[in-house]
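# Structural overview
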Amino acid sequence: MRLIDKTGPAGGRSNPLARDLSNALRGEVYSDAASRGRYATDASIYQMMPEAVAVPRTIDDVEAALAIAREHRTPVLPRGGGTSQCGQTVNHAVVLDNTKHLNAIIEIDAEAMRCKVQPGVVLDTLNAALKPHGLWFPVDPSTASRCTIGGMAANNSSGARSLRYGIMRDNVISIDAIMADGTKAHFNGSEPDAAPASYSALVADMRTLGRREAEEINARFPKLLRRVGGYNIDALTGNDINMAHLLVGSEGTLAYFTELELKLAPIPGEKVIGVCHFPTFYAAMDAAQHLVTLDPQTVELVDDTMIALGRDIPMFRETIESFVEGDPAALLLVEFTEGSDAANHQKLKDLDAMMGDLGFSFGGSAKSWGGVVPVTDTSLQGAIAEYRKSGLNVMMSMKEAGKPISFVEDCSVALPDLAEFTAGLTDIFHKHGTKGTWYAHASVGCLHVRPVLNMRLDNDVATMRGIAEQCFDLVAHYKGSHSGEHGDGIVRSEFHERMFGARMVGAFEEVKARFDPHGLFNPGKIVKPPKMDDRRLFRYSPDYAVPEFKTTLDWSAWPGSAGGFQGAVEMCNNNGACRKLKGGVMCPSYRVTRNERDATRGRANTLRLAISGQIGPDALTSDAMADTMKLCVSCKGCRRECPTGVDMARMKVEVLAARQQKYGLSLSDRLVGYLPRYAPYAAWMPWAMNARNWLPGVKAMTEGLTGFSRKRDLPVWSARPFRNNEASDENPDVLLFADVFNRYFEPENLRAAVRVLRAGGVKVATATDPNSRRDLDCGRTLLSIGLVEDARAEAKRLIAATRPFVERGIPVIGLEPSSLLTLRDEFPALCPGPAATALAEQAMLLEEYLVRRGISLPFKPMVKPIYVHGHCHQKAHDAVSPVLEVLGMIPDADVSLIETSCCGMAGSFGYAADTVEVSLKMAELNLLPAIREAPDDAIIVADGTSCRHQIRDGVNREPLHVARLLEDVLDA
């Protein structure tokens, strides 16, 4: 299907370039402002609006796009995950997004330990396919969950284990590519005997250049593993010339990669980590040169800033407390993989002895030795690896106007010079009135350092320039590399002459001109770049401004000069963690569609462009914004898993509120939002409410009117809803919040919860409003349609009704995660103040209460296996573990957690006619296949009402709320 999105500034059907692309390509073509804007940024400080975006379906599409671009004299930018930190993947060009379709693993030759892939395959996906063969691709950047092999090759990526395996250049065998004139060639280390004549001539010219410049290359190129600046023209010297290595690190400026052949390695065996603690940063840097003599696989730095920020991030807090002893100034994480437990343990002893010899021994504690905390538990090792890989995002989680900025990000020096170099760089920061944040690869002298600056301020931009010039002079003094991992892009390309000299820069320009004489491929990178501080290219350019507007929720948790809602939106640093395809929750809609629009990053970028007026007037309430938010299921996965704290579910509420105020509500909106209001009346005639599900033709007849898909039965109304007098103990120990879903559709869950609590000696009363006969409500359904003021009124009513109990320390217990956790999450933003905060602190799911209060229950043994699916909001609030703990109290219980993203039902999302297909695809990603593979007698536990309905619809099995299972195993 060919597609051009709706018309927009500089785009639309009047754009001849986009029209020609759309007519020629099988894949999608986008030219509207919102779609182009989503590709205007990467993880750098820059923003450049593309001319159009094409998502090629086949290599034929790529060839057609290149031909059209040549005809229109428009540059082309191949793009993978868009995570570059130096501005490599932004340009005024036709962006070719390789990730959606050109992501095949073409061949795996396990015996030869080689594979061939298309450029858009994600590294983690490749490694998952290699794992059954006992192999992996050993270049392991922290962005492995979303970076693509093509992007890694273009950037000459490396990773934590480069000390042992080298960098991308060392692991690429050959590259098939399309050249600027349309010639297809196989770049490798062989003589180009059967190659096209133009390619053979190119190879001859490049070898001539290599011979001519060999002496200068030897004199000017740093003798370091981590040298990735400029073109790899050193690959053209000597007898072992591989033309593919010239393409590696070329940042999309020389050719378009269609296929890459890679070296593979055996998967490392069991590992151990020694966490070395240091009282000063200098001491850690000085120690690195000694620790590497123990032949570790990695030595990774974590500084005190990263430790402090990580302790403030829920998903990392427990991990940090598990391996950090006290408050060190710096840690070095030293990893060994020696092939046996005994050998690994000996390495840890050697490490501890060396730390003692170096004078670093803090006496030891329950979790540490002399100066080392040993980590042998594989789950903790995985958690530490996830924390370390998130270093960039952790640093960017600072909720202040200044952020750690990447421009001297990964300078590299020899290990003996590392301590003095970092001390000198720290002095430069201090002279300019700022500080740096540090982490990453101490084993190879490549540290990620980011000064804290505000790129909106002229003074800070000038400071950036001053720091860069002095830093690169310092790098030259130590004969280091000003680019050790993240490439050149816009940030560093202009400084090549400072490092390589004018003659080498001339050679780089000669390479570019010979490959791409008309500047088709990604111009302005590596050669003939703009100034790195040209503010016209900044994401926050001099004319960037966000007019004040009234928000409906409290955003005061995001302070600073760009605080509030704007500050929350701008927390997205574009690193793309939301584009991961496995593990965790976010972003479930992106995992289905693979569209940039449907990732948290895509939504945040669209919001930023909308509120700053860059995609047209009234963009916040536009159809483009509605389309952008349409597939957001408000799972809150980003709330927990985005280390910079982008809470898209809450942002969506603001968008819905603005749009509702402008356009009003549809019938479908009213049926969903006002459910708690009409439910008591509907409960008097459940047979009539349920008739849609069984009367022939009614589902089809009402689909257009109600918006509910004919493919779904709606939840079945109970003939005997839960009544407040069913739990009305005097002097209660807990208040039961009976949500609308369990009260009117599955009241047996509430009755089970009451019985379980009473079996544990807990007195239960139902939370009621003494001033009204109307049920208490959390406002969740109202928030889902943007009726924030109505939701606020419900929140106030619930807060007031429960306040006398909450003040006495009596918790409010609920069963439905999306409802109960609204009290914990949205209520403080709806009704900021001590009363809402107190209720949030006392609001617990049933299983949380049972675990926290240590309630003892008389359980019979359970012989059937139990499979648990966690609701997204439970995962976002780290509330799945209590479910597992409670079920673990059952004698002989065999409990397994199903690793899933969102189930896909997500309230009304799975019932809507225009989103039902995406809902079903979300369920088929992980959840439904896992349940199909479960034993026939397995019990499926799911606390979420929507989750239970999705499971019931998808696999025809009857899942239970945990309260029902606990009731079933009570020993009468």
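Residues numbered from 1 in each chain as written. Predicted model: local features only at pLDDT ≥ 70, side-chain atom pairs only at ≥ 80, totals over all residues. Heavy atoms only, no water.

## Structural notes on the overall build of the protein
The line we're drawing: Helix and strand labels come from DSSP, where a helix needs a run of H or I of at least four residues and a strand needs a run of E of at least two; each type is numbered from the N terminus. Computation of the radius of gyration draws on C-alpha atoms, with the globule rule given as 2.2 Å multiplied by the number of residues to the power 0.38. Only protein chains enter the area calculation, which uses a 1.4 Å probe; residues under 20% of their type maximum are buried, those over 50% are exposed, and those in between are partly exposed. Should any heavy atoms of two residues lie within 4.5 Å, those residues are considered in contact.
Secondary structure summary: the protein contains 45 helices and 25 strands in total. Its C-alpha atoms give the protein a radius of gyration of 29 Å, near enough to 30 Å, the size a compact globule of 972 residues would have. Along the three orthogonal principal directions, the C-alpha set of the protein runs to about 90 × 75 × 55 Å. The 972 residues of the protein split such that 62% are buried. Residue pairs in contact within the protein that sit at least 24 positions apart in sequence constitute 73% of those at least 6 positions apart.

## Considerations on the pattern of salt bridges
Opposite charge on two side chains allows them to pair when their charged atoms are near. Convention followed: Salt bridge, as used here, is a side-chain nitrogen of Lys or Arg placed within 4 Å of a carboxyl oxygen of Asp or Glu.
Per the counting criterion, the structure on display carries 63 salt bridges. The residue Arg751 makes a salt bridge to Glu726 at a minimum N-O spacing of 2.6 Å. In this pair, Arg751 is assigned in helix α33 (residues 747–759) and Glu726 in the loop between α31 (698–706) and β19 (734–736), connecting sequence segments 25 residues apart. Take Glu726: its relative accessible area is 24%, and that puts it in the partly exposed class. As a salt-bridge pair, Glu794 and Arg797 come within 2.9 Å of each other at their nearest N and O atoms. Of the two residues, Glu794 and Arg797 are both situated in helix α35 (residues 788–806); the distance of three residues between them amounts to about one turn of the helix. Taken individually, Glu794 and Arg797 each receive the classification buried, so the pair is uniform in this respect. Within the structure, one salt-bridge network assembled from shared partners comprises Lys636, Arg639, Asp647, Arg650, Arg780, Asp825 and Glu826.

## A look at the sheet that holds strand β14 (residues 330–336)
Heads up, the rule is: Paired strands are those between which DSSP finds at least two bridges. Between the N-to-C directions of two axes lies an angle of 0 to 180 degrees, each axis being a line fitted to C-alpha atoms and, for a helix, fitted only over the stretch in contact.
Across the sheet, which stays open at both edges, the seven strands sit in the order β15-β12-β14-β13-β17-β18-β16 with antiparallel pairing between neighbours. This sheet does not close on itself; its edge strands, each paired only once, are β15 (372–375) and β16 (403–404). On the sheet, helix α11 (residues 304–311) packs against β13 (298–303), β14 and β17 (436–441) and is oriented at approximately 70 degrees with respect to β13.

## Looking at the packing of α35 against helix α38 (residues 834–842)
Inclusion rule: In these notes the angle categories are as follows: under 35 degrees is roughly parallel, over 145 is roughly antiparallel, 65 to 115 is roughly perpendicular, and the rest is oblique. Crossing handedness is read from the near helix: turned anticlockwise from the far helix by less than a right angle, it gives a left-handed crossing, and turned clockwise, a right-handed one. Residue polarity is assigned by list, with Asp, Glu, Lys and Arg as charged and Ala, Val, Leu, Ile, Met, Phe, Trp, Tyr, Cys and Pro as nonpolar; anything else, Gly included, falls into the polar class.
At a minimum axis separation of 10 Å, α35 and α38 run at an interaxial angle of 65 degrees. Classified by the interaxial angle, the pair formed by α35 and α38 is roughly perpendicular. The crossing of α35 and α38 is left-handed. Between α35 and α38, the residues in contact are Ile799, Thr802, Arg803 and Val806 and Ala835, Ala836, Ala838, Leu839 and Gln842, respectively. The residue makeup of the contact of α35 with α38, split by class, is six nonpolar, two polar and one charged.

## Regarding the confidence of the model for the protein
Put simply, the test is: Predictor confidence is given residue by residue as pLDDT, running from a minimum of 0 to a maximum of 100.
Per-residue confidence for the protein averages 93 on the pLDDT scale, and 97% of its residues sit at or above 70. The model gives residues 1–13 a pLDDT under 50, and that stretch makes 42 contacts with residues more than four places away or in other chains.

## So, the packing of helix α12 (residues 314–323) against helix α14 (residues 378–389)
The description of two helices packed together rests on the angle between their axes and the distance between the axes. The contact between α12 and α14 brings their axes to 10 Å, and the two run at 115 degrees. Judged by the twist between their axes, the crossing of α12 over α14 is left-handed. Contacts between α12 and α14 pair Phe316, Thr319, Ile320, Ser322 and Phe323 from the former with Leu380, Ala383, Ile384, Glu386 and Tyr387 from the latter. Classifying every residue of the contact of α12 with α14 gives seven nonpolar, two polar and one charged.

## A short note on the sheet that holds strand β20 (residues 764–766)
On the basis of which strands lie adjacent, the open sheet formed by four strands has the order β20-β19-β21-β22 and parallel pairing. Two strands bound the open sheet, and with one partner strand each, they are β20 and β22 (843–845). For this sheet, the mean inter-axis angle between neighbouring strands, taken without regard to orientation, is 35 degrees. Where β19 meets strand β21 (residues 812–814), two bridges bridge the pair, whose relative direction is parallel. Looking across to β21, one finds that Leu735 is bridged to Val812. Contacts between α38 and the sheet are confined to β21 and β22, with β22 contributing the most and set at about 25 degrees to the helix.

## Some points on the pairing of strand β25 (residues 939–942)
Neither face of β25 is exposed, since Ile939 and Val941 on one face and Ile940 and Ala942 on the opposite face are all buried. Where strand β23 (residues 865–869) meets β25, four bridges bridge the pair, whose relative direction is parallel. Directly across from His869, in β25, lies its bridge partner Ala942.

## A word on α31
Going by this rule: The arc in question is traced by the directions running from the helix axis to the C-beta atoms.
Among the residues of α31, those classed as buried are Thr702, Glu703 and Thr706. The buried side chains of α31 occupy one side of the element, clustering within an arc of 135 degrees when seen end-on. Facing away from the buried side of α31 by more than 90 degrees, the exposed set consists of Met701, Gly704 and Leu705. Of the surrounding elements, those touching the buried residues of α31 are α27 (667–673) and α30 (691–694).

## Regarding the side chain of Arg146
Going by this rule: In this charge count, Lys and Arg are treated as positive and Asp and Glu as negative; neither His nor the chain ends contribute. Here a polar contact is recorded for every N or O atom pair within 3.5 Å, except that within protein the pair must consist of a potential hydrogen donor and a potential acceptor, and residues adjacent in sequence are included only if both atoms are side-chain atoms.
You can see Arg146 is positioned in the loop between β7 (135–136) and α5 (149–155). At 6.4 Å, Glu386 is the nearest oppositely charged side chain to Arg146, a buried residue that forms no salt bridge. Of note is the side chain of Arg146, whose polar atom sits 3.4 Å from the backbone oxygen of Gly576.

## Some words on the packing of aromatic side chains
This is how it is decided: To pair, rings of Phe, Tyr and Trp, with the six-membered ring standing in for Trp, must have centres within 6.5 Å; the planes then decide the type, stacked if under 30 degrees apart, edge-to-face if over 60, and tilted in the middle. Counted as over-ring charges are cases with an Arg CZ or a Lys NZ within 6 Å of the ring centre that also lie within 35 degrees of the ring normal.
One pass over the structure, following the stated rule, counts 21 aromatic pairs. Centroid distance Tyr46 to Phe538: 5.7 Å. Interplanar angle 70 degrees. Geometry classified as edge-to-face. One end of the pair, Tyr46, is in the loop between α2 (33–37) and β2 (52–55); the other, Phe538, is in the loop between α20 (502–515) and α21 (564–569), with 492 residues separating them in the sequence. When sorted by exposure, Tyr46 lands in the same class as Phe538, which is buried. Plain terms: the ring middles of Phe187 and Phe515 are 6.2 Å apart, the flat faces sit at 20 degrees to each other, and that makes the pair stacked. Of this pair, Phe187 sits in strand β9 (residues 184–187) while Phe515 sits in helix α20; the two residues are 328 residues apart in sequence, bridging distant segments of the chain. Judged on exposure class, the residue Phe187 and its partner Phe515 are both buried. Aromatic ring contacts, followed pair by pair, group Phe221, Tyr231, Phe500 and Phe508 into a single cluster. A cation over an aromatic ring shows up here: Arg456 above the ring of Tyr540, its NZ or CZ 4.0 Å from the ring centre.

## With respect to the environment of Arg539
With respect to the helices and strands, Arg539 occurs in the loop between α20 and α21. With relative accessibility at 6%, the residue Arg539 sits in the buried group. Arg539 sits 70 residues away from Leu609 along the chain, and the two C-alpha atoms are 9.9 Å apart. In this structure Arg539 touches Thr41, Asp42, Ala43, Ser44, Ile45, Tyr46, Gln47, Tyr544, Cys572, Asn573, Asn574 and Arg608, once residues within four positions along its chain are discounted. In terms of polar contacts, Arg539 uses its side chain to reach the backbone carbonyl oxygen of Cys572, at 3.5 Å.

## What to know about the side chain of Ser819
Along the chain, Ser819 turns up in helix α36 (residues 817–825). Relative accessible area serves as the criterion here: at 2%, Ser819 is assigned to the buried category. Leave out the neighbours within four places in its chain, and Ser819 touches Phe737, Asp739, Phe741 and Cys778.

## Some remarks on unusual backbone geometry
Following Met586, the chain continues into Cys587 via a peptide bond in cis, with omega recorded as -10 degrees. Counting through the fold element by element, Cys587 comes out in the loop between α21 and α22 (588–593). One non-glycine residue, Lys636, adopts positive backbone phi at about 65 degrees. Here Lys636 is to be found in the loop between α24 (623–630) and α25 (637–641). Judged by relative accessible area, Lys636 falls into the buried class, the value being 2%. The phi dihedral of Asn956 is positive, around 55 degrees, even though this residue is not glycine. On the secondary structure map, Asn956 appears in the loop between α44 (945–955) and α45 (962–968).

## With respect to helix α16 (residues 418–431)
Convention followed: In a helix, the anticipated span is given by 1.5 Å times the number of residues less one.
Between the first and last C-alpha of α16 there are 20 Å, a value that for 14 residues agrees with the 20 Å anticipated at 1.5 Å per step. Listed in full, the buried residues belonging to α16 are Leu418, Ala419, Phe421, Thr422, Gly424, Leu425, Ile428 and Phe429. Where α16 is buried, its residues touch α10 (281–291), β17, β18 (446–453) and α17 (458–477).

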